[in-house]
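# Survey of secondary and tertiary structure
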Amino acid sequence: MPLPTPTLFKVEVSNSFLSYINDRVATGRISGGGVKLPPGKEWARGIPPETMTHLQEYWKTKYDWRAVEARINSHLKMFTIPIKHDEEELTIHFVHHRSNREGAIPLLFQHGWPGNFLEVEKIIDSLTNPKDPSQQAYHVVAPSLPGFVFSDPSTNPNFNLLSIAAINNKLMLYLGYPKYIAQGGDWGSMVTRTMAVQFPDSCVGVHVNMTVAPPPSWWRATIIFFWFILWAIWTGKDKEGKLGRMQWWMTEESGYSEIQSTKPQALSYALTDSPIGMLAWLRDKMELLIDDDYTWTEEESITWAMLYLIAGNSGHACIYTNFKGEKLKMFNDYLLNKRISKNVDFGASIFPKEVFNVPRWWAKTSIAQNIVFWREHDKGGHFASVERPDVLVKDIRDWTAVMNPARIQELKRVGKAGL
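Here, residues in each chain are numbered from 1, in the same order as that chain's written sequence. Since the coordinates come from a predicted model, pLDDT governs what is reported: local features require at least 70, and pairs of side-chain atoms require 80 or more to be given and counted, while whole-chain, interface and lining totals use all residues. For the side-chain quantities, the full set of heavy atoms in the structure was used; hydrogens and water were omitted.

## A word on the overall build of the protein
Quick note on the threshold: Numbering of helices and strands runs from the N terminus, with a helix taken as a DSSP run of H or I at least four residues long and a strand as a DSSP run of E at least two residues long. As a reference, a globule follows 2.2 Å times the number of residues to the power 0.38, and the radius of gyration itself is taken over C-alpha atoms. The contact criterion used is simple: two residues touch if any of their non-hydrogen atoms lie within 4.5 Å. The method behind every accessible area is Shrake-Rupley, applied with a 1.4 Å probe, and residues are considered shielded solely by the protein chains displayed. For the charge count, each Lys or Arg is scored as positive and each Asp or Glu as negative, with His and the chain ends excluded. Note on charges: their place is set at NZ of Lys, CZ of Arg, CG of Asp or CD of Glu.
Of regular secondary structure, the protein possesses 18 helices and nine strands. Here the protein has a C-alpha radius of gyration of 21 Å; the compact-globule value for 419 residues is 22 Å, and the two agree. Dimensions of the protein, computed from the C-alpha atoms along their principal axes, are close to 60 × 55 × 45 Å. At a minimum sequence separation of 6, the contacts of the protein that also span at least 24 residues come to 79%. Total accessible area on the protein is roughly 18500 Å²; 55% of this is exposed by carbon and sulfur atoms. Here the protein contributes 45 positively and 44 negatively charged side chains, and the mean placements of these two sets differ by 5 Å.

This is the structure in structure tokens:
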């Protein structure tokens, strides 16, 4: 039976849908809370009304979706492909740029929430065709998660990260990459780690910029466990430290996760019907996860909301059901309680405004056996490819440079044969 083949894809939002969105923006109401929050706490209850009023006015008078659409279509080479998994067929949207450089290697880049495939936009040119011909080049594949933007959502209530990992692996195989490396942040970090655990013969290297991990086990790593206790006592009071930011996020900023993990369908009725609501929901978390030297432009903020509105389904919220019930137990079994094997080269870039960062010694015990690259930065947040594109690209190259040489040679051989 022949393998499925990619179909060229262009973003083409209908005039009727665009008119609907513009009408809803123009008539949208900005609710005022009436509470005056102290300086530095303006975002404590969500995106401030003043910010939303400004964004609404920009959307009504200056934002040009057709110009954005044209830019995306001219810059990114996009495709769709049907992939069967668990008795259903999903059409998966992805970006695929092959490098023209000799020795380029295949790299899968996976976005997360509240992001989208445009997270690859600022890094893809540097990765595929570096200015310095001596630098490592990559064939970049950046899929949209199922249920996000132009990828179909699953109808299976048991659909989880194992499913996404399997779909991504099939995608790479269909593109002619039986071996590849992967990079991700947010959900992308967890998807790529799952790929490395489930398909170590194919996904031979993983680099992440978010490190979710359970505490060290006292019966498996007793010394590390007691070191963890001492470290937590010593650093826990530092609100800007790794543990402090993690605790702050979980206690004060995780409401979005709770509602999306329990009632994703109910929430989606409101969000997909209200451009202002969708923008507020996403922009709130976008603000809190960046460093203080990065500012989201109005166009970036609205475009990200538009991509979720175009999807028009609850798939983006349903991914959070992996944090509840039986799916959480499975999540713990297939990811959090399993280390990536020594046959996979693991790397991590740690940015201080990320909210899920663990120290290297903790990651060695809980995430990966073979950590070949670990770099901690002084600046940067959750959206590394957007905030610090050059830094992330350098880290990816430096990680690749210290990977197992035999694996790199095999990846280069595979890269020559891809579609």
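## Quick look at the sheet that holds strand β6 (residues 180-184)
Formally: For two strands to pair, DSSP has to find at least two bridges joining them. For helices, the fitted line uses only the C-alpha atoms of the stretch in contact; every axis is such a line through C-alpha atoms, and the angle between N-to-C directions lies from 0 to 180 degrees.
Spatial strand order, β1-β2-β3-β5-β4-β6-β7-β8-β9: nine strands in an open sheet with mixed pairing. Among the strands making up the open sheet, the edge pair consists of β1 (7-9) and β9 (371-376). On average, adjacent strands in this sheet sit at an angle of 25 degrees to one another, irrespective of strand direction. On the sheet, helix α6 (residues 187-198) packs against β4 (105-110), β6, β7 (203-208) and β8 (345-350) and is oriented at approximately 160 degrees with respect to β7. Most of the contacts of helix α17 (residues 389-401) go to β9, to which it runs at about 155 degrees, and overall it touches β4, β5 (138-143), β6, β7, β8 and β9.

## Considerations on helix α10 (residues 264-273)
The α-helix advances 3.6 residues per turn, and as a result positions three or four apart in sequence lie on the same side. The condition is simple: Summary of the burial criterion: residues with accessible area below 20% of their type's maximum are buried, those above 50% are exposed, and those between are partly exposed, where the area comes from a 1.4 Å probe applied to protein chains only. This arc is taken over the directions from the axis of the helix to the C-beta atoms.
Among the residues of α10, those classed as buried are Pro 264, Leu 267, Ser 268 and Leu 271. In an axial view of α10, the angular spread of the buried residues amounts to 100 degrees, which keeps them on one side of the axis. Elements that come into contact with the buried residues of α10 comprise α9 (255-262), α11 (275-288), α12 (298-311) and α13 (315-318).

## Overview of the pattern of salt bridges
Should their charged atoms come close, side chains of opposite charge can pair. Heads up, the rule is: Here, a salt bridge means any side-chain nitrogen of Lys or Arg that lies within 4 Å of a carboxyl oxygen of Asp or Glu.
Inspection of the entire model under this criterion finds 21 salt bridges. Of the charged contacts, one joins Lys 416 and Glu 102 as a salt bridge, the two residues approaching to 3.1 Å between their closest N and O atoms. In this pair, Lys 416 sits in helix α18 (residues 405-417) while Glu 102 sits in the loop between β3 (88-97) and β4, placing the two residues 314 residues apart along the sequence. Salt-bridge contacts for Lys 122 lead to Glu 300; the nearest nitrogen and oxygen are separated by 3.4 Å. One end of the pair, Lys 122, is in the loop between β4 and α4 (124-128); the other, Glu 300, is in helix α12, with 178 residues separating them in the sequence. Under the relative-accessibility criterion, Glu 300 is labelled buried at 17%.

## Some words on the packing of aromatic side chains
How we decide: Whether two aromatic rings pair depends on their centres lying within 6.5 Å, for rings of Phe, Tyr and Trp, where Trp uses its six-membered ring; planes under 30 degrees apart make the pair stacked, over 60 edge-to-face, and the rest tilted.
Inspection of the entire model under this criterion finds 20 aromatic pairs. Ring geometry for Trp 187 versus Phe 323: centroids 4.9 Å apart, planes at 25 degrees, classification stacked. You can see Trp 187 sitting in helix α6 and its partner Phe 323 sitting in the loop between α13 and α14 (325-336), a full 136 residues away along the chain. Through pairs of rings, three or more aromatic residues link up here, namely Trp 113, Trp 187, Trp 248, Trp 249, Tyr 256, Tyr 320, Phe 323, Phe 331 and Tyr 334.

## Comments concerning the nonpolar core
Just so we agree on the cut-off: To qualify as a nonpolar core, a set must consist of buried Ala, Val, Leu, Ile, Met, Phe, Trp, Tyr and Cys residues joined through side-chain atoms within 4.5 Å.
Grouped together as the largest cluster of nonpolar side chains are 125 residues, with contacts concentrated most on Trp 59, Trp 65, Phe 117, Leu 161, Ile 181, Met 306 and Phe 346. In this structure, Phe 117 is in contact with Ile 72, Leu 76, Met 78, His 93, Val 95, His 111, Ala 142, Ser 144, Val 149, Phe 150 and Leu 307, ignoring residues within four places of it in sequence.

## Quick notes on the side chain of Arg 245
Operational definition: Definition of a polar contact: a pair of N or O atoms within 3.5 Å, with one able to donate and the other able to accept a hydrogen when the atoms are protein atoms, and with sequence-neighbouring residues admitted only if both atoms are side-chain atoms.
Mapping Arg 245 onto the fold places it in helix α8 (residues 242-252). Only 2.8 Å separates the side chain of Arg 245 from the backbone oxygen of Lys 353, close enough to count as a polar contact. Apart from the residues lying within four places of it in its own chain, the contact partners of Arg 245 are Lys 239, Glu 240, Leu 288, Pro 352, Lys 353, Glu 354 and Val 355.

## Some points on the packing of α11 against α12
For clarity, the threshold we go by: For classification purposes, an angle smaller than 35 degrees is called roughly parallel, one larger than 145 roughly antiparallel, one from 65 to 115 roughly perpendicular, and anything else oblique. For any helix crossing, the convention is left-handed if the near helix is rotated counterclockwise from the far helix by under a right angle, and right-handed if that rotation is clockwise.
Where α11 contacts α12, the axes come no closer than 9 Å and their chain directions differ by 120 degrees. In terms of orientation, α11 lies oblique with respect to α12. Relative to α12, the crossing made by α11 is right-handed. Contacts between α11 and α12 involve Pro 275, Met 278, Leu 279, Leu 282, Arg 283 and Met 286 from the former and Ser 301, Ile 302, Trp 304, Ala 305, Tyr 308 and Leu 309 from the latter.

## Considerations on the environment of Gln 260
On the secondary structure map, Gln 260 appears in helix α9. Residue classification places Gln 260 among the buried positions, given a relative accessible area of 0%. Those residues in contact with Gln 260 that lie beyond four places of it in its chain are Trp 113, Leu 267, Trp 281, His 316, Ala 317, Tyr 320 and Thr 321. Among the polar contacts made by the side chain of Gln 260, one reaches the side chain of Trp 281 at a distance of 2.9 Å.

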